[in-house]
Amino acid sequence: MPESMQLLKCPACGGPLAPPTGESTMSCPYCKSSVVVPESLRMQKKTASAPQTDIFSGIDTNAMVGFGTQWGEVVQLAQNGNKAEAVKKYMALTGNNESSATYTVDHLARSQFVQSSTQSVQQMYAPMMAQANETVKSVTRMSMWIGCGITAFVMFIILITMLPVLIGVFASLTTLFK
């Protein structure tokens, strides 16, 4: 039976449970009772025998949060062509082996980043955002005029269509009250 088809129900509340990988017990997320996972439903931890398909697989990215400047140095070294130093820093930073580090550094070297030492992100995008804002304003203004024009045209057509009816109603009312 495929792993996704295995079903475990909480004995206390009957809620569906997804057995955690490699665990023999778990807590029900609905009623918080402890549940023993039967051995036949325990999922085995996946081994790392498969080739690495993602450049970030095997890396604890949460542990890297504090290493932002060091990560930036790795990226900068890779993009400046100093791949050997970038591989060394990457291995020290992540604990990965040399082949994984070389693979990642090669991909980092081929990626394109816009680096501007004289302008911040806000300074680079401010003119673009101002231009987009003006475009939105002019399009909104134009659409308001078009909307008002269409409404006025429709009202005029209704008035022309209803005018003979209104004249007839007033004529019959005036003859009725004379």
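Our structure's up above, just so we're on the same page.
Here the residue numbering is sequential within each chain, running from 1 through the sequence in written order. The predicted origin of the model limits local features to residues at a pLDDT of at least 70 and limits the giving and counting of side-chain atom pairs to 80 or more, whereas totals for whole chains, interfaces and linings rest on all residues. No hydrogens and no water enter the side-chain calculation; it runs on all heavy atoms of the structure.

1. Topic: the overall build of the protein chain
Working step 1: Secondary structure elements follow DSSP: runs of H or I no shorter than four residues count as helices, runs of E no shorter than two count as strands, and numbering proceeds from the N terminus. Check the secondary structure of the protein chain and you find four helices and four strands.
Working step 2: In sequence order, the secondary structure elements of the protein chain are arranged as β-β-β-β-α-α-α-α.
Working step 3: Under the scheme applied here, a residue whose accessible area is under 20% of the maximum for its type counts as buried, over 50% as exposed, and between as partly exposed, the area being computed with a 1.4 Å probe on protein chains only. Within the protein chain, the proportion of its 178 residues that are buried is 17%.
Working step 4: Whether two residues are in contact is decided by their heavy atoms, any of which lying within 4.5 Å being enough. Contacts in the protein chain between residues far apart in sequence, at least 24 positions, make up 34% of those at least 6 positions apart.
Working step 5: Total accessible area on the protein chain stands at roughly 13,700 Å², and carbon and sulfur atoms take up 63% of it. Here the open area of atoms and residues is found with the Shrake-Rupley method and a 1.4 Å probe, where only the protein chains shown may cover a residue.

2. Description of the packing of helix α2 (residues 83-94) against helix α3 (residues 98-110)
Working step 1: Here an axis means a line fitted to C-alpha atoms, over the contact stretch when the element is a helix, while the angle between two N-to-C directions is reported on a 0 to 180 degree scale. Axis separation between α2 and α3 bottoms out at 9 Å; the angle between their running directions is 125°. Relative to α3, the element α2 lies oblique. Of the two elements, α2 crosses α3, and the hand of that crossing is right-handed. Between α2 and α3, the residues in contact are K83, A86, V87, Y90 and M91 and E98, S100, A101, T102, T104, V105, D106 and A109, respectively.
Working step 2: In this count, Pro and Cys sit with the nonpolar residues alongside Ala, Val, Leu, Ile, Met, Phe, Trp and Tyr, while Asp, Glu, Lys and Arg are called charged and the others, Gly among them, polar. Residues that form the contact of α2 with α3 fall into these classes: seven nonpolar, three polar and three charged. Under this scheme an angle from 65 to 115 degrees is roughly perpendicular, one under 35 degrees roughly parallel, and one over 145 degrees roughly antiparallel; angles in between are oblique. What makes a crossing left-handed is the near helix being turned counterclockwise from the far one by less than a right angle; a clockwise turn instead makes it right-handed.

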